[in-house]
Amino acid sequence: MQTPRLPLVPDPMRRIRVPRDLDSVTTVGPEADPVDVGLTTADVERIWESARSLYRSGVHPALTLCVRREGAVVLDRAIGHARGNGPKDRPDQEKVLATPDTPVCIFSATKGITATLIHLLDERNVLHVGDRVADYLPEFARNGKDGITISQVLSHRAGIPNPPKTAFDLDRIDDWEFQRELMYEAKPIHRPGKRQAYHAVSGGNLLAEVVREVTGRSIREVLAEEILDPLGFRWTSYGVAADDVDKVALSYPTGPPLVPPMSTFLTRALGVHPDEATRISNDPRFLRGVMPAANGVSTANELSRFYELLRNGGELDGVRVMDPRTLRRATAEQSHLEVDYTLGLPIGFSMGFMLGGRRASLFGPDTVGAFGHLGWVNILSWTDPARALSAAMITTGKAALYPEMGRFLQVPMRIGREVPKVRDIGAGR
């Protein structure tokens, strides 16, 4: 049940108004018959009911979920509003329904897209993940950073996790010379490779400049030319075109307001207070810009389709993008449930992806071989090859902690229970 609201005072949980009739705010995209891929309609509806339960928490103005099984879309639905039903919006404010086609900022789930591109460029011999960053950007060697490698950046072991607040100067978000200087001046907090410390923003910006240096083009252009355009993606890039800004769903600060030490902890990781980062994410300058660790914009359908490309070993709809061996290296374990210095949680990482586990993980139960990425706590994108599964759940409430947080974790858990394995990946992770 939802934590009750107090009368006559602002809701301390910063929740939305959840309509009694959830069907009135639900839209459904084209869905295949689940029987054709070894599921039942009841299986799919139980998955969707877990998503509805999360929406009932009142923390997320909009939620979209897409599940693919053996390439077939068995669930593609949205619930809630893209705009107009935030915690501080008036009851009579104009509301815009979210649909499966509504693009949303996916925050750190962007990192999986960026990692894929970096590994593809390695396959093409444009760069090499084992090389030092300073081999491409010599001035990056300042302040003892000469030994940091691209692979350490991908696996959050470079030692430069905390971006300065100036990295979020929206008037200079696309000033690559300014951004480079911030990277050059950064000082490591520990010896490169010594420990895992999640790089929420800094790693993506650094990788973007390596790509610019070796290709002469922006990372947005390279992503489009190498992956998105050949596969016909509409979204799933860094930011959006100016004409598309108003199409993007708004993100909202929700849940209990953060206080120290949690607010201090997250502000250090992000560079700004989490509520401020959420407000920044709605700014047209942010949505037009390029932040390869934080400002991807996609739909749940497209994001799950991106992971379907990875599940298929780099081929989708008859188009070969990358070699399966490249993906095996990209998803090879670099840390096994090591407590992350930034997040304070045990998370297994490859060079760019969060990894599943034997008992349970972010991706559900018994998910050895699964990989993907979290985005701002309540966004999740992943593939589970053992289940022939690719999925994405995108939400617009930016709550770091809230009483019903277990409902978020119940969605991938329910998916894992309802979608049986088709093969055994083994105990390699």
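The present account deals with the structure reproduced in this document. (Residues numbered from 1 in each chain as written. Predicted model: local features only at pLDDT ≥ 70, side-chain atom pairs only at ≥ 80, totals over all residues. Heavy atoms only, no water.)

The helix and strand inventory of the protein chain stands at 12 helices and 17 strands. Relative to the globule expectation of 22 Å for 429 residues, the C-alpha radius of gyration of the protein chain, 20 Å, shows essentially globular dimensions. Summarising its shape, the C-alpha atoms of the protein chain cover approximately 60 × 50 × 40 Å along the three principal directions. The 429 residues of the protein chain split such that 60% are buried. Considering only contacts in the protein chain between residues 6 or more positions apart, those separated by 24 or more positions represent 70%. In the structure as shown, the protein chain presents an accessible area of about 16,800 Å², 53% of it carried by carbon and sulfur atoms. (Helix = DSSP H or I, 4+ residues; strand = E, 2+ residues; numbered from the N terminus. Rg over C-alpha atoms; globule rule 2.2 N^0.38 Å. Buried < 20%, exposed > 50% of the residue type's maximum accessible area, 1.4 Å probe, protein only. Contact = heavy atoms within 4.5 Å. Areas by Shrake-Rupley, 256 points an atom, 1.4 Å probe, with all protein chains shown as cover.)

If you walk through the whole model with that rule in mind, you get 35 salt bridges. Across the pair D135 and R132 runs a salt bridge, and its minimum N-O distance is 2.7 Å. A salt bridge links R234 to D244; its shortest N-O distance comes to 3.1 Å. With R234 in the loop between α6 (219–231) and β6 (237–238) and D244 in the loop between β6 and β7 (252–253), this pair connects stretches of sequence that are 10 residues apart. (Salt bridge = Lys/Arg side-chain N within 4 Å of Asp/Glu carboxyl O.)

So, on to the side chain of D89. Within the secondary structure, D89 is located in the loop between β3 (72–83) and β4 (96–97). Buried within the structure, D89 lacks any salt-bridge partner; its nearest side chain of opposite charge belongs to R17, at an N-O separation of 7.0 Å. Side-chain polar atoms of D89 contact the backbone nitrogen of N85, separated by 3.2 Å. Not counting residues within four places of it along the chain, the set of residues in contact with D89 comprises R17, G84 and Y252. (Lys, Arg positive; Asp, Glu negative; His and termini not counted. Polar contact = N/O pair within 3.5 Å; in protein donor to acceptor, adjacent residues only side chain to side chain.)

Here we take up the packing of aromatic side chains. In the structure shown here, the tally under the stated rule is 8 aromatic pairs. Each ring, one from F233 and one from F306, has its centre 6.3 Å from the other, and the planes form 65°; the classification is edge-to-face. Taken together, the residues F233 in the loop between α6 and β6 and F306 in helix α10 (residues 300–311) connect sequence positions 73 residues apart. Overall, the relative accessible area of 9% leaves F233 in the buried class. For F306, a relative accessible area of 0% corresponds to the buried category. A ring pair is formed by F363 and W382, whose centres lie 6.0 Å apart and whose planes are at 20°; its orientation type is stacked. Note that F363 is positioned in the loop between β12 (360–361) and β13 (364–365) and W382 in strand β15 (residues 379–384), a separation of 19 residues in sequence. A relative accessible area of 1% places W382 in the buried class. An aromatic cluster is defined as three or more aromatic residues linked by ring pairs; in this entry it consists of F233, F306, Y307, F353 and F371. (Phe/Tyr/Trp six-rings, centres within 6.5 Å; stacked < 30°, edge-to-face > 60°.)

Its location among the elements puts T114 in helix α2 (residues 110–123). Looking at T114, its side chain comes within polar contact range of the side chain of Y238, at 2.8 Å. When sequence neighbours within four positions are dropped, the list of residues in contact with T114 reads L207, I219, Y238 and P292.

Our next topic: the environment of N143. Here N143 is to be found in the loop between α2 and α3 (150–154). Between the alpha carbons of N143 and A186 there is a distance of 7.2 Å; along the sequence they are 43 residues apart. Contact partners of N143, with chain neighbours within four places excluded, come to Y184, E185, A186, K187 and P188. Only 3.0 Å separates the side chain of N143 from the backbone oxygen of E185, close enough to count as a polar contact.

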